[in-house]
Amino acid sequence: MIKFLPIGGADDIGANSYYLNIDGTGVLLDCGMHPRFIGAEALPKFDVLAGLPLDYVIITHAHHDHIGSLPFLIKKFPHVKIISTKQTQEIAAQTLQNSYQILKEQLSGDLSFELYDKNEIEFLIKSIITLEYENEISIRGITHIGKDEIRITLYDAGHILGSASILICYSGKRLFYTGDINLGKQSILNGAVLPAKPVDYLLMESTYGSTDSAKIGNWENNSKQLVSDLNKIIVSGGSVLIPMFSLGKLQEMLHLLYKLKLKSKLTETDIYYGGIGKSLCRIYDDNKYLVKRNNKNFELKDGGFKDYYLIKDPNEYVKNPSIILASSGMMLKGTYSYRMAKFWLKQKRFGLFTVGYMDPSTPGHKIQQINRGALLEFDGEKFKVECKIKRFYFNTHSKREELLEIVERLKPGTVILLHGENEAKSYIGYEILSRFNGVSLHSAEILKEIKLS
Ligand SMILES: [Zn+2]
Ligand SMILES: [Zn+2]
């Protein structure tokens, strides 16, 4: 018997964590932290795991909403074994130390919440069992009652470096958890690989389930539009700020801009990046031969990109037209993109382009909605927006048709939708039911158990 219990992230893009009880072996799929909450509220509901078997946690990739709570889990349940790809392990060594610093500041004075320490992260990283794509391992928990072993295989999910989907085979049944998955090509990554044979149970993300795919477009056409808009601003003497995530989106966009520059399509200009994104670029470079990707011979370190932390006065960007790829992606308060925005929005010749998902509660979302000439209240000041604002889609998740293609190819008897807002899950759920006969469909809900076999 396989039982499935979401303990976080089921009905929005939050603290993703899904518990499986496979005949007495406890396996947790992902262990994320909610990006909008602080303290205990941001964690998955670990309390419900007390008294249940818990032997393994498998991490699909190193984004905060999939790995951020891992140190808290291991502090509470130190015996749990961690499985991920080698690339996820390398990235986590950087990003978990980084989130430790942020959490320490956020939680200072909050005695009700016990934080882990830096040494605990180091120990945790070293203890990870790394697994290559499409290499199977067998696992068995302490209180396993079945006679069969549980076999685990990771597949390239095409989302960010090291991202994986998980295939679990047990007693003749096959369960596939997509994690964050992108079937389509980005600039560096080539897209996800799916198992060749059908599965019985499909746990599928639904981020873009309700977004019109025509609006999202594809990387190739979007980059043509982007370069034309960038050139217009640079030629007229302005600079462009593009807020983005430091992990995944930054490396893809740097690669894209470098290629456009090489083909002389992008006007010669300085491109800036900075912060933790720089060290994550090194991990992309170090793994260039180890993963399926485009342009294996190119390293981001050879792109001639400059560090924005060396620019002390934003007026430098008025003197020298530049492109700045700045974190955070959603322009959260206190970050470089947020600090720059106040200056940027008042510059007539400048541009502010967005290239990714914005949570509705974030400053980035507010700015994305506004147009040149409108009045904006931002960071305690009200002013007229002078710069050009434009939204681009460079998707790192599968589009709606691609999600349906996953169902088509894997022919599951049961589909459980997760990692998506309710609207996204309803839309894609309706499409699945109308196109595939006999599929049993569920929408994952926090703490609502589903018995699979
Ligand atoms: Zn992700
Ligand atoms: Zn995610």
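Residues numbered from 1 in each chain as written. Chains lettered and ligands numbered in written order. Predicted model: local features only at pLDDT ≥ 70, side-chain atom pairs only at ≥ 80, totals over all residues.

Undergrad: Would you take a moment to explain the domain arrangement of the chain for this structure?
TA: You can read the domains of the chain as domain 1 (2–211 + 396–451) and domain 2 (218–391). One C-alpha centre belongs to domain 1, the other to domain 2; they are set 29 Å apart. Counting residues at the interface gives 21 residues for domain 1 and 21 residues for domain 2. Looking at which element gives the most residues to the side of domain 1 that touches domain 2, the answer is helix H3 (residues 86–106), with six residues. (Domains from an automatic or database assignment. Contact = placed C-beta atoms within 7 Å. Helix = DSSP H or I, 4+ residues; strand = E, 2+ residues; numbered from the N terminus.)

Undergrad: Explain the sheet that holds strand S22 (residues 450–451) here, please?
TA: Note: strands within a sheet are paired through backbone hydrogen bonds, in either parallel or antiparallel orientation. As summarised here, the arrangement of the seven strands in space is S6-S5-S4-S3-S2-S1-S22, forming an open sheet in which the pairing is mixed. The open sheet is flanked by strand S6 (129–130) and S22, the only strands paired with a single partner. Relative to strand S4 (residues 56–58), strand S3 (residues 25–29) runs parallel, the two sharing three bridges. The residue of S4 that forms the bridge with Leu29 is Ile58. (Pairing = 2+ DSSP bridges.)

Undergrad: Help me out: how do you make sense of the nonpolar core in this one?
TA: Generally speaking, soluble globular proteins have nonpolar side chains that are buried together. In this structure, Leu254, Leu325 and Leu352 are the most contacted members of the largest nonpolar core, which totals 124 residues. Of the domains in this structure, domain 1 (2–211 + 396–451) and domain 2 (218–391) are the two that each give at least three residues to this core. (Core = buried A, V, L, I, M, F, W, Y, C linked by C-beta atoms within 7 Å. Buried ≥ 20, exposed ≤ 12 C-beta atoms within 10 Å, placed from the backbone.)

Undergrad: How should I be thinking about the packing of H3 against helix H4 (residues 118–127) in this particular structure?
TA: Axis separation between H3 and H4 bottoms out at 10 Å; the angle between their running directions is 165 degrees. Classified by the angle their axes make, H3 and H4 are roughly antiparallel. Once H3 is placed against H4, the crossing between them reads as right-handed. Together, Gln89, Ala92, Ala93, Leu96, Gln97 and Tyr100 of H3 and Lys118, Ile121 and Ile125 of H4 make up the contact between the two elements. (Axes fitted to C-alpha atoms, helices over the stretch in contact; angles between N-to-C directions. Parallel < 35°, antiparallel > 145°, perpendicular 65-115°, else oblique. Left-handed = near helix turned anticlockwise from the far one by under 90°.)

Undergrad: I'm lost on the environment of Thr269 in this one. Help?
TA: Of note, Thr269 is situated in the loop between helix H7 (249–262) and strand S13 (270–273). Remark: the alpha-carbon pair of Thr269 and Val235, spanning 34 residues in sequence, is separated by 9.7 Å. Once you skip the residues sitting within four places of it in the chain, Thr269 turns out to touch Ile234, Pro321, Ser322 and Ile323.

Undergrad: Looking at this structure, how should I read the sheet that holds strand S10 (residues 173–177)?
TA: Strand order in the open sheet formed by seven strands is S7-S8-S9-S10-S11-S20-S21, with mixed pairing between adjacent strands. Either end of the sheet is taken by a strand with one partner, and the two such strands are strand S7 (137–139) and strand S21 (440–443). Here the strands of the sheet are splayed against their neighbours by 20 degrees on average, with no regard to which way each runs. Bridge count for strand S8 (residues 150–156) against strand S9 (residues 164–170) is six bridges, and the pairing is antiparallel. Pairing of Leu154 across the sheet is with Ile166, part of S9. Against the sheet, helix H12 (residues 400–410) touches S10, strand S11 (201–205) and strand S20 (414–418), its axis set at about 170 degrees to S11.

Undergrad: What's the story with the pairing of S11 in this structure? I'm lost.
TA: Look at any regular strand and the pattern is simple: side chains alternate between the two faces of the sheet. Burial analysis of S11 places five of its five residues in the buried class, the great majority of the element. Burial along S11 is two-sided: Tyr201, Leu203 and Glu205 and Leu202 and Met204, pointing in opposite directions, are all buried. Pairing analysis gives three bridges linking S10 to S11, with the strands arranged parallel. In the sheet register, Phe176 faces S11, and the bridge partner there is Leu202.

Undergrad: I keep staring at helix H8 (residues 276–286) and nothing clicks. Help me out?
TA: Residues separated by three or four positions in an α-helix point in the same direction, a consequence of the helix having 3.6 residues per turn. If you check which residues of H8 are buried, you get Gly277, Leu280, Cys281 and Tyr284. End-on, the buried residues of H8 take up no more than an arc of 110 degrees, which puts them together on one face. In this structure, the buried side of H8 is in contact with H3, H7 and S13. (Arc of directions from axis to C-beta.)

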